[in-house]
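Architecture and fold: a report
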Amino acid sequence: MEQAGSNFAWFMAYLVGGIVLLLGVVVWALALQHRKHQRERRATARASKARSKAWREGRPSPSKQAPLEPKK
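First things first, this report covers the structure right here in the doc.

Conventions we followed
Residues numbered from 1 in each chain as written. Predicted model: local features only at pLDDT ≥ 70, side-chain atom pairs only at ≥ 80, totals over all residues. Heavy atoms only, no water. Patch = residues over 30% accessible without salt bridge, like charges linked within 9 Å, V, L, I, M, F, W, Y side chains within 5 Å. Areas by Shrake-Rupley, 256 points an atom, 1.4 Å probe, with all protein chains shown as cover. Salt bridge = Lys/Arg side-chain N within 4 Å of Asp/Glu carboxyl O. Helix = DSSP H or I, 4+ residues; strand = E, 2+ residues; numbered from the N terminus. Buried < 20%, exposed > 50% of the residue type's maximum accessible area, 1.4 Å probe, protein only. Lys, Arg positive; Asp, Glu negative; His and termini not counted. Charge placed at Lys NZ, Arg CZ, Asp CG, Glu CD. Phe/Tyr/Trp six-rings, centres within 6.5 Å; stacked < 30°, edge-to-face > 60°.

A few words on a nonpolar patch on the surface. Side chains of Phe8, Phe11, Met12, Leu15, Val16, Ile19, Val20 and Leu23 sit close together on the surface and give an oily, nonpolar patch of about 760 Å² of accessible area. Note that Phe11 resides in helix H1 (residues 2-57). Residue classification places Phe11 among the partly exposed residues on the basis of a relative accessible area of 49%.

On to a positive patch on the surface, then. There is a patch of like positive charges on the surface, built from Arg35, Lys36, Arg39, Arg41, Arg42 and Arg46. In this structure, Lys36 sits in helix H1. The class of Lys36 is partly exposed, set by a relative accessible area of 43%.

Further remarks concern the packing of aromatic side chains. In the structure shown here, the tally under the stated rule is one aromatic pair. Their ring planes at 35° and their centres at 6.0 Å tell us that Trp10 and Tyr14 sit as a pair that is tilted. Here the residue Trp10 and the residue Tyr14 both occupy positions in helix H1, the gap between them amounting to four residues, near one helical turn.

Quick look at the structure:
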């Protein structure tokens, strides 16, 4: 009987450890995704500010200064 109780305790310990590990991986992935979206939002905001500033100063925006590929 003691052996069965010991086996159950180890099973529960592994089960809880596995769940904690799985939750840690999920939280880590969500944190990476959140940081990626933050970087994208900041880049979009910077580009928008640069376009507005260029328009106010009367010069072409950075997006229009990029060389265009000839259409075929």
